[in-house]
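Here are the chains, one letter per residue:
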Amino acid sequence: MTDYGFRSERMELVQILMQKDAAHDSVDELARLECVQFRDSDDNKERTAFQREFAHEVRVCDDILRKIRFIKESAGKLGLTVFPASGVGQTGVNLNEMNQDLGEAEKELKGMFSRQRTMDMTHAELLEHRHLLRNIPKLMGARAEASRMVLTPEESPMSLEEGDSLLDQGGEARALRMVAGLIDVDKKEPLRRIVYRVSRGNALVKFAEDAASFTDPRDGGEEMRDCFIIMFSGNVLQDKIGRLLQTFGASRFNVPDTAMLLERRLAGVTRQVEDHVQVKAEAMRQKQRLVGQYTETLAETELLVTREKLVHHTMNMFNSRISNRTVLAEAWIPKDSIGEVEGA
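Residues numbered from 1 in each chain as written. Predicted model: local features only at pLDDT ≥ 70, side-chain atom pairs only at ≥ 80, totals over all residues. Heavy atoms only, no water.

Asks: Explanation requested: the packing of helix α2 (residues 55-77) against helix α7 (residues 298-315) in the structure shown.
Replies: When two helices pack together, their arrangement is given by the angle between their axes and by how far apart the axes lie. Here α2 crosses α7 at 160 degrees, and the two axes come no closer than 9 Å. Considering the angle they form, α2 stands roughly antiparallel to α7. Of the two elements, α2 crosses α7, and the hand of that crossing is left-handed. Residues Glu57, Val58, Cys61, Asp62, Ile64, Leu65, Ile68, Ile71 and Lys72 of α2 touch α7, and the partners they reach there are Leu298, Thr301, Glu302, Val305, Thr306, Glu308, Lys309, His312 and His313. Looking at the contact of α2 with α7 residue by residue, the class counts come to 8 nonpolar, 4 polar and 6 charged. (Axes fitted to C-alpha atoms, helices over the stretch in contact; angles between N-to-C directions. Helix = DSSP H or I, 4+ residues; strand = E, 2+ residues; numbered from the N terminus. Parallel < 35°, antiparallel > 145°, perpendicular 65-115°, else oblique. Left-handed = near helix turned anticlockwise from the far one by under 90°. Contact = heavy atoms within 4.5 Å. Nonpolar A, V, L, I, M, F, W, Y, C, P; charged D, E, K, R; others polar.)

Here it is as structure tokens:
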């Protein structure tokens, strides 16, 4: 018979009777010997994983580990370093108290990130609004009257049909409606063509040709957007253009009617942008202070909870139906290590 050099030691299947209160510490101590292999008791075959004696503790450990992963991910987003574990830490901790403490931190962090997303959306809208207000004079051709901005005869569309023109036969400008906002650069020409078709040439689309880069607060991606203004007449056409802009993902903003109001609006939006920058910076510092409380001990806590989960998972393989105070474990042990196990 060929000897391959791999030969198992002589093993013994033993039964270990433990007090239920001492089972945790006993399993933890036996695990340090690295010579005991527990097996699932035959009495547990009809019981699912959720019906075992220590299923609650395993679920608590899973919940704690999930919260630890969330805090570690938050630390990475905030630019904080999670220190490596220097050891497993103390055993026999109160899992419920740890779960409650981490749960409160998780809840507070999620609230902060939710408010952060709202602030990011508002900040992005303010930046787009400011960029639009700066380009309004260019979009209007610097011919905005004090009371109302209207089209001049030279700017009227070339394909207006008789009776549908934005200008009457006397050449005097009708009251026009106006929609202004920002749109992605690659959607400018499709928007111009479709507005022309929808309005049958009775709308004028202008672009500022001053594209700027904006950060999408939803995914953090950069996108180039340009300002536009659409002038038209009629409620029906206003509804059509509104739905069209929504389809194109364009941002819409109200535009002041006079140069004086435009200047005031621009100054107000600029102040709001500056205030948002300060508020976002303070919110970032608050999140860093909260997560910073856990960065030094988070890795050790993760190792400790993982060990506790393994201990309770092992205890779920014991026969707990013998009595209310004892459990019966079955394990394979090397014959030469039986004395060492008995001493533990």
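Asks: Please explain the confidence of the model for the protein as it appears in this structure.
Replies: Note that predicted coordinates carrying low pLDDT should not be read in detail. Of all residues in the protein, 86% attain a pLDDT of 70 or more, and the chain-wide mean is 82. Predicted confidence is poor over residues 142-173, with pLDDT under 50, and the contacts of this stretch with residues over four places away or in other chains come to 57 contacts. (pLDDT = per-residue confidence, 0-100.)

Asks: Even after reading the chapter, I still don't get the pairing of strand β4 (residues 204-207), so can you show me in this structure?
Replies: The two faces of the sheet receive side chains in turn, since in a regular strand these alternate between them. With burial as the criterion, each face of β4 is covered, one bearing Leu204 and Lys206 and the other bearing Val205 and Phe207. Of the strand pairs in this sheet, β4 and strand β6 (residues 222-232) are connected by 4 bridges, and their pairing is antiparallel. The residue of β6 that forms the bridge with valine 205 is isoleucine 230. (Buried < 20%, exposed > 50% of the residue type's maximum accessible area, 1.4 Å probe, protein only. Pairing = 2+ DSSP bridges.)

Asks: So what exactly am I meant to see when it comes to the sheet that holds strand β2 (residues 37-39) here?
Replies: Two orientations exist for strands paired in a sheet by backbone hydrogen bonds: parallel and antiparallel. Taking strand neighbours across the sheet as the criterion, the 3 strands line up as β1-β8-β2 in an open arrangement whose pairing is antiparallel. Looking at the sheet topology across the chains shown, the edges are occupied by β1 (11-19) and β2. On average, each strand axis in the sheet is tilted by 35 degrees relative to the strand beside it, whichever way the strands run. Strand direction decides the pairing type here: β1 and strand β8 (residues 326-334), joined by 9 bridges, are antiparallel. By the bridge assignment for β8, leucine 13 is matched with tryptophan 332. Against the sheet, helix α1 (residues 23-33) makes contact with β1, β2 and β8, and its axis sits at roughly 150 degrees relative to β1, the strand it touches most.

Asks: Just to check I follow, could you spell out the pattern of salt bridges for this structure?
Replies: Any two side chains of opposite charge can pair, given that their charged atoms come close. Counted according to the given criterion, the structure contains 23 salt bridges. Close ionic contact of arginine 225 with glutamate 128 constitutes a salt bridge, the shortest N to O distance being 3.1 Å. In this pair, arginine 225 is assigned in strand β6 and glutamate 128 in helix α3 (residues 95-139), connecting sequence segments 97 residues apart. We classify arginine 225 as buried; its relative accessible area is 3%. A single salt-bridge network, built from bridges that share partners, covers Asp63, Arg66, Lys67, Glu106 and Lys110. (Salt bridge = Lys/Arg side-chain N within 4 Å of Asp/Glu carboxyl O.)

Asks: What is the right way to look at the nonpolar core in this model?
Replies: Nonpolar side chains in soluble globular proteins tend to end up buried together. With 23 residues, the main nonpolar core has Ile64, Ile71, Met98, Leu102 and Leu109 as its most contacted residues. For this core, the elements supplying multiple residues, two or more each, are α2, α3, α6 (259-292) and α7. Sequence-distant contacts of leucine 102, that is, excluding residues within four places in its chain, are made with Ile64, Lys67, Ile68, Ile71 and Tyr294. (Core = buried A, V, L, I, M, F, W, Y, C linked by side-chain atoms within 4.5 Å.)

Asks: So what exactly am I meant to see when it comes to the environment of asparagine 324 here?
Replies: You can see asparagine 324 is positioned in the loop between α7 and β8. By relative accessible area, asparagine 324 is classed as exposed at 71%. Spatially, the C-alpha atoms of asparagine 324 and glutamine 19 are 9.4 Å apart, while their sequence positions differ by 305 residues.

Asks: Please clarify how helix α5 (residues 235-248) should be interpreted in this entry.
Replies: An α-helical turn contains 3.6 residues, so a residue and the one three or four places further along point in the same direction. The end-to-end C-alpha distance of α5 is 20 Å, a good match for the 20 Å that 14 residues give at a rise of 1.5 Å each. Those residues of α5 that sit buried are Leu237, Ile241, Gly242, Leu244, Leu245 and Phe248. End-on, the buried residues of α5 take up no more than an arc of 165 degrees, which puts them together on one face. In α5, the exposed residues that point more than 90 degrees away from the buried face are Val236, Arg243, Gln246 and Thr247. In this fold, the buried residues of α5 make contact with β3 (177-184), α4 (188-199), β6 and β7 (251-253). Positive backbone phi, at 70 degrees, marks glycine 249, one or two positions downstream of α5. (Expected span 1.5 Å × (residues − 1). Arc of directions from axis to C-beta.)

Asks: Just checking my understanding: could you explain α7 for this structure?
Replies: Spanning 18 residues, α7 covers 26 Å between terminal C-alpha atoms, matching the ideal 26 Å at 1.5 Å per step. Residues of α7 that are buried include every one of Leu298, Ala299, Thr301, Leu304, Val305, Glu308, Val311, His312, Thr314 and Met315, and no others. On its buried face, α7 is in contact with α1, β2, α2 and α3.

Asks: Is there a simple way to explain the packing of aromatic side chains in this structure?
Replies: Each pair of aromatic rings is reported with the distance of its centres and the angle of its planes. Inspection of the entire model under this criterion finds 1 aromatic pair. Centroid distance phenylalanine 38 to phenylalanine 318: 5.3 Å. Interplanar angle 55 degrees. Geometry classified as tilted. One end of the pair, phenylalanine 38, is in strand β2; the other, phenylalanine 318, is in the loop between α7 and β8, and 280 residues separate them in sequence. By the burial criterion, phenylalanine 38 is buried, and phenylalanine 318 matches it. The lysine or arginine in question, lysine 188, covers the ring of phenylalanine 207, its NZ or CZ lying 5.2 Å from the ring centre. Lysine 287 extends its terminal NZ or CZ atom over the ring of phenylalanine 113, reaching a point 5.7 Å from the ring centre. (Phe/Tyr/Trp six-rings, centres within 6.5 Å; stacked < 30°, edge-to-face > 60°. Lys NZ or Arg CZ within 6 Å of the ring centre and 35° of its normal.)

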